[in-house]
Amino acid sequence: MARILLVFAVTVLCFSCNDNLVKSEFQATKGGVWNKTDNILFSFSEIDTTQRHNMFITVRNDATFPYNNLFLIAELEYPSGETIKDTLEYEMALPDGTWLGKGYGSIKENKLWFKENIVFPSSGVYNLRVWHAMRKNGSVNGVENLKGITDVGFEIEKSNE
């Protein structure tokens, strides 16, 4: 039995590796609540300046997340100081309430497209800032404390194009 488990574990490890993965990092929110003033900062460097890449924002949520969609603001700062800011909307659940994303149990992980075929033009430190921009319908003020977001991360993969 132990031998079967070992073979299974090695097989899972071999097939779960992503050869295209360049960078991956997560940060946990405070107690599964993301305050609207908490921008999450990721810094990265040592990235191939000739290769095309795909960037993803990865969000983990639990069943206490009260919405079907998620609005984010993402700001990518280049080593030169140039900054590109995007407002993004992602579907997190189907209309019937079925969660999208991967995972078993109460936590779902959503790998959300951010930048496709991006080339990082120069070496140096890049900064990615992410914060939520959720609002209740009819409300001008944003949701102060967004429940149900347990972790926010990013991934950079080599593009196959």
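For the structure given in this document, a descriptive report is provided here. Treat the numbers as computed from the prediction; the structure is a model and nothing was measured. Throughout, a residue's number is its position along its own chain's written sequence, starting from 1. Local features in a predicted model are, by the rule used here, given only for residues with pLDDT of at least 70; side-chain atom pairs are given and counted only at 80 or more, and totals for whole chains, interfaces and linings are based on all residues. Just so you know, side-chain values use all the structure's heavy atoms and leave hydrogens and water out.

Some points on the pattern of salt bridges
Step number 1: The salt bridge criterion pairs a side-chain nitrogen of Lys or Arg with a carboxyl oxygen of Asp or Glu, the two atoms within 4 Å. Counting across every chain of the model gives ten salt bridges.
Step number 2: One salt bridge connects K115 with D86, and the closest N-O pair in it is separated by 2.8 Å. Here K115, found in strand β7 (residues 108-119), pairs with D86, found in strand β6 (residues 83-91); they are 29 residues apart in sequence, far enough to count as distant.
Step number 3: For the salt bridge of E157 with K111, the shortest nitrogen-to-oxygen distance reads 2.5 Å. With E157 in strand β10 (residues 149-158) and K111 in strand β7, this pair connects stretches of sequence that are 46 residues apart. Each helix is a run of DSSP H or I of at least 4 residues and each strand a run of E of at least 2, with the numbering of both proceeding from the N terminus.

A word on the sheet that holds strand β3 (residues 40-44)
Step number 1: A pair of strands is considered paired only if DSSP assigns at least 2 bridges between the two. Reading across the sheet, the four strands line up as β3-β8-β5-β6 and stay open at both edges, with antiparallel pairing between neighbours. Across the chains shown, the open sheet's two edge strands, defined by having one partner strand only, are β3 and β6. Strand-to-strand twist across the sheet, computed as the mean angle between neighbouring axes with direction ignored, equals 20°. Axis geometry follows a simple rule: fit a line to the C-alpha atoms, using only the stretch in contact for helices, then measure angles between N-to-C directions, giving values from 0 to 180 degrees.

What to know about the packing of aromatic side chains
Step number 1: Pairs were defined over the aromatic rings of Phe, Tyr and Trp, the Trp ring being its six-membered one, requiring ring centres within 6.5 Å. Orientation was assigned from the angle between planes: stacked under 30 degrees, edge-to-face over 60, tilted for the rest. Summed over all chains, the structure comprises nine aromatic pairs.
Step number 2: Members of the aromatic cluster, joined through ring pairs, are F42, F44, Y78, F120, Y126 and F154.
Step number 3: Distance and angle both matter: a charge sits over a ring if NZ of Lys or CZ of Arg is within 6 Å of the ring centre and within 35 degrees of the ring normal. The ring centre of F26 lies 3.6 Å from the NZ or CZ of R60, which sits over that ring.
Step number 4: The ring centre of F56 lies 4.5 Å from the NZ or CZ of K111, which sits over that ring.

Concerning the nonpolar core
Nonpolar side chains in soluble globular proteins tend to end up buried together.
Step number 1: Buried residues of nine kinds, namely Ala, Val, Leu, Ile, Met, Phe, Trp, Tyr and Cys, make up a nonpolar core once their side-chain atoms join them within 4.5 Å. Relative accessibility decides the category of a residue: with a 1.4 Å probe and only protein chains considered, values under 20% of the type maximum give buried, values over 50% give exposed, and everything between is partly exposed. F44, M55, I57, F120 and L128 are the most contacted members of the largest nonpolar core, which has 32 residues in total.
Step number 2: For this core, the elements supplying multiple residues, two or more each, are β3, β4 (52-61), β5 (69-77), β6, β7, β8 (126-132) and β10.
Step number 3: The contact partners of I57, leaving out residues within four places of it in the chain, are L72, A74, L88, N110, K111, L112, F114, V130, V152, G153 and F154. Residues count as neighbours in contact if any of their non-hydrogen atoms are within 4.5 Å of one another.

So, the pairing of β8
Step number 1: A large share of β8 lies buried, amounting to six of its seven residues.
Step number 2: Where β3 and β8 come together, five bridges link them in antiparallel fashion. By the bridge assignment, F42 is partnered in β8 with L128.
Step number 3: Pairing of β5 with β8 involves six bridges; the strand directions are antiparallel. Bridge pairing in β8 places E75 opposite R129.

Looking at the side chain of K108
Step number 1: Tracing the backbone shows K108 in strand β7.
Step number 2: Positive charges come from Lys and Arg, negative ones from Asp and Glu, while His and the chain ends are left out of the count. The side chain of K108 is buried and forms no salt bridge, while E109, the nearest opposite charge, is found at 11 Å.
Step number 3: Polar contacts, as counted here, are pairs of nitrogen or oxygen atoms within 3.5 Å of one another; within protein the pair requires one atom able to donate a hydrogen and one able to accept it, and residues that are adjacent in sequence qualify only if both atoms are side-chain atoms. Reaching out from K108, the side chain makes a polar contact with the backbone oxygen of G103 at a distance of 2.5 Å.
Step number 4: Each residue touching K108, except ones within four places of it in the same chain, is listed here: V59, R60, N61, W99, L100, G101, K102 and G103.

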